Amino acid sequence: MALSGRHLRVGADIWVPWVDLRRQKDGSLGASGVAAAFFDIIAAKLNFSYTLVMPEDREWGRGLPNGSFTGMIGMCQREEVDMALGPFGVTWERAQVVDFSSTLYVDGFGIFLPRPRQERDLAGFTNPLAWQLYAIIWQKEPEDCLHGIESSHFIYPLRYGHLLGPSFLFTLALGIVMNWLARRCFRATDDAAVDDQGDVVLRPLWVVQALLIESIEKLPSRSSSRALLAAWLLAGLILSSAYRGVLTSLLAVPRVTVPVDSLEDLVSYGKIPWANEKGTSLHQLFGAKKYMDATSGLYKTIHDKGTLVVNAYEARERIKRERMAVLCDFFTMRKIMSDDFTQTGACNYYIAADPIKMAALVESGMVSRSVLALTSNATACLVAPGKEEGAKGSLVFTLIDLAGAFLLLAGGEFKDWVRGLLLAAAVLLAEKLKGSACKM
């Protein structure tokens, strides 16, 4: 149609950095952004003027069961406006009621969420050893000890940790048998009778003290007892040395865990709420009953359990503050990351690795150059969490890092700490009194 000299009504809404609307002094809407700039060029070349109209429902266009559309697509369908300023996602449903211009830029959709950080783990001091070693239980296979723990953390002690329980029990059983045989087959000499060890060949307390690397004040006098005790002292030395080394490495070089990298991760993780942009083609996709996934599978869960936001740019502070995820286009993600890095100098956002497969990126000359110029600072944050420039490669130990060990004293309240310390002091006093009584 001939546009020269005409005045058009154009639907528009905020989608930074494509379109940003503001009220002018005369009450009309003014626009800025990539799409608005190119639309002004087109208006100048074709010699037409226009007035911007914002949709009341703040939607782009979502099909309804009766065949009508919401948002700007609906405004075009009802001929309330002559055209609408995008960007618009081209879908088959929308193409039945409106005509689209030639594509200037095609983007994809993904998951935009707060950046994962290094987390303090109060139970980190238990990580070097499998739980089977702490519980001292029987294991059927060596691989059972490695379940849930990377083999590079504690290779040999974990691989053969299934032997610790049987060895411990075998040593105690052997000690009982040897003690019984000593009482039956040997008579204590006068010197042995003076020694409080008597005919005891092996005391269970020796094994426990060896594993805990505690001093053994009175060593056994028999050669067989000394051999068994030496074996457990060697085992305790190996275990404790390996434990200290692995614990130091785990605390000094912590890894950043990325819990969400796909829609499946987002649903299964369950700790990050998510939102969809209201009235977009992605919102239509997750809610459309014609798609199998939208009625029973992953798409239905995304649609039913998620909330709605007007757009990701307006919700950028909520993403950081409320630790939520937004499903949106990649260009908006990079724009938010670029602006935030410019303001704060830090990377506070993360783009999930797996895109929502709807479209692929296509570059188109001048538009692409404008897009890249607006997101130049985003490249500093387009790296894996923990790999940002200036990020510390190692963690300096603080009291918080070792707080888990101290919390073993009690449940965490001050009165429980005092109770635990008093109990420890009482045990120490009892040991000293017993030692003094034995010397008398």
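Residues numbered from 1 in each chain as written. Predicted model: local features only at pLDDT ≥ 70, side-chain atom pairs only at ≥ 80, totals over all residues. Heavy atoms only, no water.

## Details of the confidence of the model for the protein
- Per-residue pLDDT for the protein has a mean of 74; in total, 60% of the residues score no lower than 70.
- Predicted confidence is poor over residues 187–198, with pLDDT under 50, and the contacts of this stretch with residues over four places away or in other chains come to 9 contacts.
- With pLDDT under 50 throughout, residues 359–364 is counted as low confidence; its partners more than four residues away or in other chains account for 12 contacts. (pLDDT = per-residue confidence, 0-100. Contact = heavy atoms within 4.5 Å.)

## What about the sheet that holds strand E7 (residues 274–277)?
- Pairing within the open sheet is mixed, and its 5 strands lie in the order E8-E7-E9-E6-E10. Of all strands in the sheet, those with a lone pairing partner are strand E8 (307–309) and strand E10 (349–351), marking the two edges. The mean inter-strand angle of the sheet, taken between neighbouring strand axes irrespective of direction, is 35°. (Pairing = 2+ DSSP bridges. Helix = DSSP H or I, 4+ residues; strand = E, 2+ residues; numbered from the N terminus. Axes fitted to C-alpha atoms, helices over the stretch in contact; angles between N-to-C directions.)

## As for the pattern of salt bridges
- In the structure shown here, the tally under the stated rule is 10 salt bridges.
- Where Glu59 meets Arg62, a salt bridge forms, and the shortest distance between an N and an O atom there is 2.9 Å.
- Under the relative-accessibility criterion, Glu59 is labelled buried at 3%.
- Using a relative accessible area of 21% as the deciding quantity, one classes Arg62 as partly exposed.
- Note that Arg318 and Glu322 form a salt bridge whose closest N and O atoms lie 3.3 Å from each other.
- The exposure class of Glu322 is partly exposed, given its relative accessible area of 39%.
- One network of salt bridges, with partners in common, ties together Asp13, Arg58 and Glu314. (Salt bridge = Lys/Arg side-chain N within 4 Å of Asp/Glu carboxyl O. Buried < 20%, exposed > 50% of the residue type's maximum accessible area, 1.4 Å probe, protein only.)

## Here we look at helix H16 (residues 330–344)
- The end-to-end C-alpha distance of H16 is 21 Å, a good match for the 21 Å that 15 residues give at a rise of 1.5 Å each.
- With 11 of 15 residues buried, H16 is to be regarded as a mostly interior element.
- Listing the buried residues of H16 in full gives Phe330, Phe331, Thr332, Met333, Arg334, Lys335, Ile336, Met337, Ser338, Asp339 and Asp340. (Expected span 1.5 Å × (residues − 1).)

## Focus: the pairing of strand E6 (residues 109–114)
- In terms of residue burial, E6 counts as a mostly covered element, since 6 of its 6 residues are buried.
- By the bridge criterion, 4 bridges tie E6 to strand E9 (residues 325–329) in an arrangement that is antiparallel. For Gly110, the partnering residue across the bridge sits in E9 and is Cys328.
- Here E6 runs beside E10; their pairing, made up of 3 bridges, is antiparallel. Counterpart to Pro114 in the pairing with E10 is Tyr349.

## So, the side chain of Ser338
- Topologically, Ser338 is positioned in helix H16.
- A relative accessible area of 4% places Ser338 in the buried class.
- In this structure, Ser338 is in contact with Leu374, Thr375, Ser376, Asn377 and Ala378, ignoring residues within four places of it in sequence.

## Considering empty space enclosed by the protein
- By the definition in use, this model includes 1 cavity of 30 Å³ or more.
- Of the volumes computed, that of the largest cavity is approximately 30 Å³.
- What lines the largest cavity is simply Gly61, Phe69, Thr91, Glu93, Arg94, Ser281 and Gln284.
- Elements represented by at least two residues in the lining of the largest cavity include exactly helix H3 (92–95) and helix H12 (281–287).
- For the lining of the largest cavity, the class distribution of residues is 1 nonpolar, 4 polar and 2 charged. (1 Å grid on protein atoms, 1.4 Å probe; cavity = no way out; pocket = protein on both sides within 12 Å on 5 of 7 lines; lining within 4 Å. Points joined across faces, edges and corners; volume = space filled by probe spheres on them. Nonpolar A, V, L, I, M, F, W, Y, C, P; charged D, E, K, R; others polar.)

## Considerations on the layout of surface pockets
- In this structure, the largest pocket spans a volume of roughly 1,400 Å³.
- Every residue lining the largest pocket is counted, 41 residues in all, and those nearest its centre are Gly86, Pro87, Phe88, Phe100 and Ser101.
- Those elements that place two or more of their residues in the lining of the largest pocket are helix H1 (34–46), helix H2 (71–77) and strand E5 (83–84).
- With 5 residues, the single largest contributor to the lining of the largest pocket is H1.
- A class-by-class count of the residues in the lining of the largest pocket yields 27 nonpolar, 9 polar and 5 charged.

## Focus on unusual backbone geometry
- With an omega of 10°, the peptide bond between Val16 and Pro17 qualifies as cis.
- Relative to the assigned elements, Pro17 resides in the loop between strand E1 (7–11) and strand E2 (20–23).
- Omega for the peptide link from Gly86 to Pro87 comes to 20°, which places this bond in the cis form.
- Turning to its location among the elements, Pro87 is positioned in the loop between E5 and H3.

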